[in-house]
There are 2 protein chains.
Amino acid sequence: MLAPLLAHIARYVSLTAAEAELLEAYVVPHTLERRAHLLREGEVCTATYFVVSGCLRTYFLTEKGVEHTLQFAIENWWLTDYASLDAHAPSAFFLQAVEPTWVLVLEQRGQEELFGRVPQLERYFRLVLQRGAAAAQHRVKLLYSLSGEARYRQFASLFPAFVQRVPQYMLASYLGFTPEFLSKIRARMGE
Amino acid sequence: MLAPLLAHIARYVSLTAAEAELLEAYVVPHTLERRAHLLREGEVCTATYFVVSGCLRTYFLTEKGVEHTLQFAIENWWLTDYASLDAHAPSAFFLQAVEPTWVLVLEQRGQEELFGRVPQLERYFRLVLQRGAAAAQHRVKLLYSLSGEARYRQFASLFPAFVQRVPQYMLASYLGFTPEFLSKIRARMGE
DNA sequence: CGCGTTTCTTGAACTAGTTCAAGAGGTGGC
DNA sequence: GCCACCTCTTGAACTAGTTCAAGAAACGCG
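Criteria and cut-off values
- Residues numbered from 1 in each chain as written.
- Chains lettered and ligands numbered in written order.
- Predicted model: local features only at pLDDT ≥ 70, side-chain atom pairs only at ≥ 80, totals over all residues.
- Heavy atoms only, no water.
- Phe/Tyr/Trp six-rings, centres within 6.5 Å; stacked < 30°, edge-to-face > 60°.
- Buried < 20%, exposed > 50% of the residue type's maximum accessible area, 1.4 Å probe, protein only.
- Lys NZ or Arg CZ within 6 Å of the ring centre and 35° of its normal.
- Salt bridge = Lys/Arg side-chain N within 4 Å of Asp/Glu carboxyl O.
- Helix = DSSP H or I, 4+ residues; strand = E, 2+ residues; numbered from the N terminus.

## Details of the packing of aromatic side chains
No. 1: Counting across every chain of the model gives 24 aromatic pairs over all chains.
No. 2: Both rings, one in F155 of chain B and one in F159 of chain B, keep their centres 5.0 Å apart while their planes meet at 55 degrees; by these two values the pair is tilted.
No. 3: A relative accessible area of 41% means that F159 of chain B is categorised as partly exposed.
No. 4: Across the ring face of W77 of chain A, the terminal group of R131 of chain A is positioned such that the distance to the ring centre comes to 4.4 Å.

Right, dumping it as structure tokens:
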């Protein structure tokens, strides 16, 4: 069942029925329980993951053992550790399911071959990465231009449902502050 | 003279002589004076820029008129505003030459056509974007895991020459603090 | 349902980094 | 070679956000 991926691809490029079928041979569905890991610090990342439903996150641990969430990926997002994937180097990150999640796994190994057979996919991934680059620029701009409280307000108004869905401490570190501070912001906003 | 670009491309994919010549028709060299702009806030970004020599940066202005540097691009880096480029939307950013800079300009208009004729370039740009994604993850990790002073120390030890090259206030905002604070860090380190 | 773990709250003491302002240095352009 | 303008420094007062600790609530699993 990779219909959601095909639908996403169709937004960017068109594949023939034969090409879509080819893709099927390279993509493996996988279900994850809440809190299950796809990658741990020190392991080499070998695949790229497409979220069909649920939610993944990238995080790392500070020396003091505090988790910091770098990215969330919900429906229709790709997630991986590009540095580790590229260099076949041990990762500095963890990839984890925030809630029960259904992913499609595209292994790096076969990817070259697949792109050789279906060049439109090379284009699709370029466009996906380009969108990711835009999102990263936007993210850093927000981190720099708004106060912690303003960042939370904006995030909460853009993604009200998502704020309910993830534990507050994951969201706090994603927004760049402590869980205690987020709790205090909420208390302030409540009155 | 696009030899430096061809050399960079060769690190990722191989082009035939004919393909390299084709590329030449789509890439226009351009020289920039110190402080010259390639893009201003509100304008639509229509091209991607490859730095042959010199240095570009992306920055934005806060409501108070303070500049915040988001990215630097030195030799062999591509720079653009992907959000504006993609959506043909007004940019939130400025692209500026930090010092006298020589760039190659690849206009968005012809790009599709070029990639159709030279599919290896589609691949090249995917790989460049992938490297950019890795750098962005690393950047956010640094912002979250180190104190301001530690960020400066690390940056200065990694790129000692670069620290001399750019005005301190650009570097301060890139590292996520004020120029005054950077000045104080330096004073502390001096003794 | 009920127990154990995970998550959230609250308060007090603290500190990293900001803000504002004024002066001192540099340096590039003519 | 000089002036104007950029850029950097310094200090004092301040504040946004942290840290630590302890209790309260919520949740998910059996």
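## Side note on the pattern of salt bridges
No. 1: Enumeration over the complete set of coordinates arrives at 16 salt bridges over all chains.
No. 2: With a closest N to O distance of 2.4 Å, E122 of chain A and R126 of chain B form a salt bridge. Remark: R126 of chain B occurs in helix α5 (residues 119-145) and E122 of chain A occurs in helix α5 (residues 119-145); the pair is interchain, linking two chains.
No. 3: Taking the shortest distance from any N to any O, the salt bridge between E149 of chain A and R188 of chain A comes out at 2.8 Å. Taken together, the positions of E149 of chain A in helix α6 (residues 148-158) and R188 of chain A in helix α9 (residues 179-190) put the pair 39 residues apart, joining distant regions of the chain.
No. 4: The exposure class of E149 of chain A is buried, given its relative accessible area of 18%.
No. 5: What makes R188 of chain A partly exposed here is its relative accessible area of 44%.
No. 6: In this structure, a network of salt bridges that share partners links the residues E75, E99 and R165 of chain A.

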